Amino acid sequence: VYVTSYAMLHLFELSSCIDDVNHCWIYSDTDSIYSNNWNEDRVELYNQHVKDELIKAGYGAVVINDKEYWLGIAEPDGEYERFITQGAKRYAVENEGKIKITVAGVPKKEGAACLSRLEDFEEGFVFKGSRTGKSRTGRVLLSRAGMWNI
């Protein structure tokens with residue numbers, strides 16, 4: 001319970017980096033927040049605070065090929081024009097006509113190839129096992145929770 005609570009606390013702290021004017025906290029799960037209006041200066045301060053706390057606790061960055069990787073810092077995973085969610089761990093994004101998905105139990109690349117357009121990601125959509133490489137076929141179970149043009 002403590003680890004989950006601590007992660008939730010950090011997500012709420014990170015949400016303070018969303019600009020107050022026209023802000024929109026679109027989606028979050030255990031390790032991420034999707035928004036359309038980040039204040040980059042606040043994100044930088046948040047990240048520095050996380051690094052300072054790690055250093056104070058005796059931890060540092062992992063360095064691979066001269067690049068530092070810090071546990072818990074906020075970094076973008078991309079910019080998207082549209083976002084749709086069906087609930088926790090079931091969402092899809094689109095940018096310049098390219099669709100990416102995150103659906104628990106569905107391989108990302110193969111699952112995205114099952115969608116010809118973002119609007120297909122709706123209640124009852126079938127991710128066919130023959131296309132995803134899975135031995136079973138899966139369905140999106142919840143009704144459309146929301147779609148945003150961002």
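Above this text you will find the structure in question.
The present account deals with the structure reproduced in this document. (Residues numbered from 1 in each chain as written. Predicted model: local features only at pLDDT ≥ 70, side-chain atom pairs only at ≥ 80, totals over all residues. Heavy atoms only, no water.)

**What about the pattern of salt bridges?**
Alright, step 1. Applying the stated criterion across every chain, the model contains seven salt bridges.
Alright, step 2. In this structure, Arg42 and Asp19 form a salt bridge, with 3.7 Å as the shortest nitrogen-oxygen distance. Residue Arg42 is found in helix α2 (residues 40-56), and its partner Asp19 is found in the loop between α1 (2-15) and β1 (25-29); the two are separated by 23 residues along the sequence.
Alright, step 3. Its relative accessible area of 28% is what places Arg42 among the partly exposed residues.
Alright, step 4. In this structure, the salt-bridge partner of Glu53 is Lys56, at a minimum N-O distance of 3.5 Å. Note that Glu53 and Lys56 are positioned in helix α2 at a spacing of three residues, about one turn of the helix.
Alright, step 5. Exposure remark for Lys56: the relative accessible area of 66% places this residue in the exposed category.
Alright, step 6. Beyond isolated ion pairs, a larger network of salt bridges with shared partners links Arg82, Glu94, Arg117, Glu119 and Asp120. (Salt bridge = Lys/Arg side-chain N within 4 Å of Asp/Glu carboxyl O. Helix = DSSP H or I, 4+ residues; strand = E, 2+ residues; numbered from the N terminus. Buried < 20%, exposed > 50% of the residue type's maximum accessible area, 1.4 Å probe, protein only.)

**Describing α2**
Alright, step 1. The end-to-end C-alpha distance of α2 is 24 Å, a good match for the 24 Å that 17 residues give at a rise of 1.5 Å each.
Alright, step 2. Of all the residues in α2, the buried ones are Val43, Tyr46, Asn47, Val50 and Leu54. The arc that holds the buried residues of α2, viewed along the axis, is 95°, so those residues lie on one side. The exposed set on the far side of α2, more than 90 degrees from its buried face, consists of Asp41, Glu44, Leu45, Ile55 and Lys56.
Alright, step 3. At the N-terminal end of α2, a side-chain oxygen is found 3.1 Å from the backbone nitrogen of Asp41, two or three residues along, and the residue is Asn39. (Expected span 1.5 Å × (residues − 1). Arc of directions from axis to C-beta. Polar contact = N/O pair within 3.5 Å; in protein donor to acceptor, adjacent residues only side chain to side chain.)

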